[in-house]
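Breakdown of the fold
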Amino acid sequence: MSKAYVFTRNGGPEVEALVDQDKPVPGPGELLVAVRAAGVNPVDWKLRTGYTRPGSVPQPFPTVFGSEAAGVVEAIGPDVEGFAAGDEVFGSPLTGGYAEHTLLPVAVTTHKPAGLSFADAAVLPVAAATAYDGMRQLGLAPGATLLVAGAGGGVGSAAVQLAHHAGVQVIGAASAAKKEFVESLGAVHVESGAGFAARARAAAPGGIDAVFDLVGGDTLREAAQLLADPATLISAGGKQLVAELGGAPVERARTAAVLREVADLVAAGALRTHVTRTWPLAGAGEALRAVEEGHALGKTVIEVTA
């Protein structure tokens, strides 16, 4: 048996539980991985409430939380090449990451660099890879000015760093409590909340060339007003609204190649994961609450004891 943190139906925290379940069996193109760390993301609690990703098939209950994980390969399924038992890997799990064991599809899995911890590797497939995909989508030239709305979160902090590394000037909108953190990433901080667009405009007198939104709603509407060309507006926080405003959702690649490129950036020192809090698997509920309530700074990770 293998322990996992699950939700038993759609709802609030009351539907969560730590359970024992059968160890999953890898199918074609899959790896059975002993999890060492799993990233905690807002999408985790959103899925619990009933949100479904576009084009996805709802998972049967109980559903294991977690969209990113790192660990050690225990077994390989049919038609798998390039991996062996004992390999240290990270990727996007098929059967949830808040668990002692999960299945990783080789299409969205890569080897963990030796110098990268499991905790740091575990937070790359969702937040860092989303930021990487978004920055590639915008294709900004050095010297351009980018507004990142939600710069203090996992995706936002990675986007700020990647933009800074590419020579792009960054305005980071985040709460006042995250000012020091956002500035440490290389951005000019502006306080989020009503009227933040005016503060961003004042911080960038030469104008803002693009917006990378991670918040959605009124923040996205206000940010759109800063752009002369809505084609340079992208969002991972309001996919339907951004299209209505003339922009586009972040186009996710979800490939092993992107994960390798992101890991290389971390290894080169161009991107820091900013894992600020870790919890044991038994504390997964507390970790999820910290992210759900918006109190988490940087990335939150669940570590699983070998």
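Summarised in this report is the structure supplied together with it. Computed from a predicted model, the values in this text were never measured in an experiment.

Observations concerning the overall build of the protein
- Helices and strands together make up the secondary structure of the protein, namely 10 helices and 16 strands.
- Computed over C-alpha atoms, the radius of gyration of the protein comes to 19 Å, within 12% of the 19 Å expected from 2.2 N^0.38 for 306 residues, which places it in the range of a compact globule.
- C-alpha atoms of the protein, sized along the principal axes, occupy 60 × 40 × 35 Å.
- Residues counted as buried form 52% of the 306 residues belonging to the protein.
- Across the protein, contacts joining residues at least 24 apart in sequence account for 66% of those joining residues at least 6 apart.
- If you sum the accessible surface of the protein, you get close to 12,900 Å²; carbon and sulfur atoms cover 53% of it.

A word on the pairing of strand 6 (residues 88–91)
- Looking at chain direction, strand 5 (residues 69–76) and strand 6 are connected through 4 bridges and run antiparallel. Each bridged residue has a counterpart across the sheet, and for valine 72 the counterpart in strand 6 is glutamate 88.
- Relative to strand 8 (residues 109–111), strand 6 runs antiparallel, the two being bridged by 3 bridges. Among the inter-strand pairings, phenylalanine 90 is bridged to a residue of strand 8, identified as threonine 110.

A look at the sheet that holds strand 1 (residues 2–7)
- Strand order in the open sheet formed by 3 strands is 2-1-4, with antiparallel pairing between adjacent strands. Of all the strands in the sheet, the pair left with one neighbour each is strand 2 (16–21) and strand 4 (63–64).
- Note that strand 1 and strand 2 share 6 bridges and pair antiparallel. Residue pairing across strands places serine 2 opposite glutamine 21, the latter belonging to strand 2.

Observations regarding the nonpolar core
- Membership of the largest hydrophobic core comes to 50 residues, with the highest contact counts inside it found for Leu124, Leu140, Leu146, Val148, Phe212 and Leu271.
- No other element matches the 8 residues that helix 3 (residues 124–138) contributes to this core.
- When sequence neighbours within four positions are dropped, the list of residues in contact with leucine 146 reads Met135, Leu138, Leu140, Ala163, Val168, Gln169, Val170, Ile171, Ala210, Val211 and Phe212.
- Grouped together as the second largest cluster of nonpolar side chains are 18 residues, Ala200, Ala204, Ile208 and Leu241 included.

Brief notes about the side chain of threonine 63
- With respect to the helices, strands and loops of the structure, threonine 63 is situated in strand 4.
- Among the residues examined, threonine 63 registers a relative accessible area of 11% and is labelled buried.
- Among the polar contacts listed, one links the side chain of threonine 63 to the backbone oxygen of proline 60, at a separation of 3.1 Å.
- In contact with threonine 63, not counting residues within four places along its chain, are Tyr5, Val6 and Phe7.

With respect to the pairing of strand 3 (residues 30–40)
- Taking burial as the measure, the 11 residues of strand 3 include 10 buried ones, the bulk of the element.
- Relative to strand 5, strand 3 runs antiparallel, the two being bridged by 7 bridges. When the bridges of strand 5 are listed, alanine 34 appears paired with valine 72.
- Bridge count between strand 3 and strand 16 (residues 299–303): 4 bridges; the pairing is antiparallel. Its bridge partner lying in strand 16, alanine 38 is registered against isoleucine 302.

Description of the environment of alanine 198
- Examined against the element boundaries, alanine 198 turns out to sit in helix 6 (residues 196–203).
- A sequence separation of 27 residues divides alanine 198 from glutamine 225, and the C-alpha atoms of the two residues are 9.8 Å apart.

Scoring rules and cut-offs
Residue numbering note: each chain is counted from 1, following its sequence as written. Side-chain atom pairs in this predicted model are given and counted only at pLDDT of 80 or more, local residue features only at pLDDT of at least 70, and totals for whole chains, interfaces and linings cover all residues. For the side-chain quantities, the full set of heavy atoms in the structure was used; hydrogens and water were omitted. Helix and strand assignments come from DSSP, with helices taken as H or I runs of at least 4 residues and strands as E runs of at least 2, each series counted from the N terminus. Each radius of gyration reported is based on C-alpha atoms, and the globular scaling rule is 2.2 Å times the count of residues to the power 0.38. Whether a residue is buried, partly exposed or exposed follows from its accessible area with a 1.4 Å probe, protein chains only, as a fraction of its type maximum: under 20%, in between, or over 50%, in that order. Working rule for contacts: check all heavy atoms of both residues, and any pair within 4.5 Å makes them a contact. A 1.4 Å probe and the Shrake-Rupley method give the accessible areas. Residues count as covered only by the protein chains that appear here. Two strands qualify as a pair provided that DSSP identifies no fewer than 2 bridges between them. For our purposes a nonpolar core is just a set of buried Ala, Val, Leu, Ile, Met, Phe, Trp, Tyr and Cys residues, chained together by side-chain atoms within 4.5 Å. Distance and chemistry together define a polar contact, namely a pair of N or O atoms within 3.5 Å, with one atom able to donate a hydrogen and the other to accept it when in protein, and with adjacent residues in sequence counting only for side-chain atoms on both sides.

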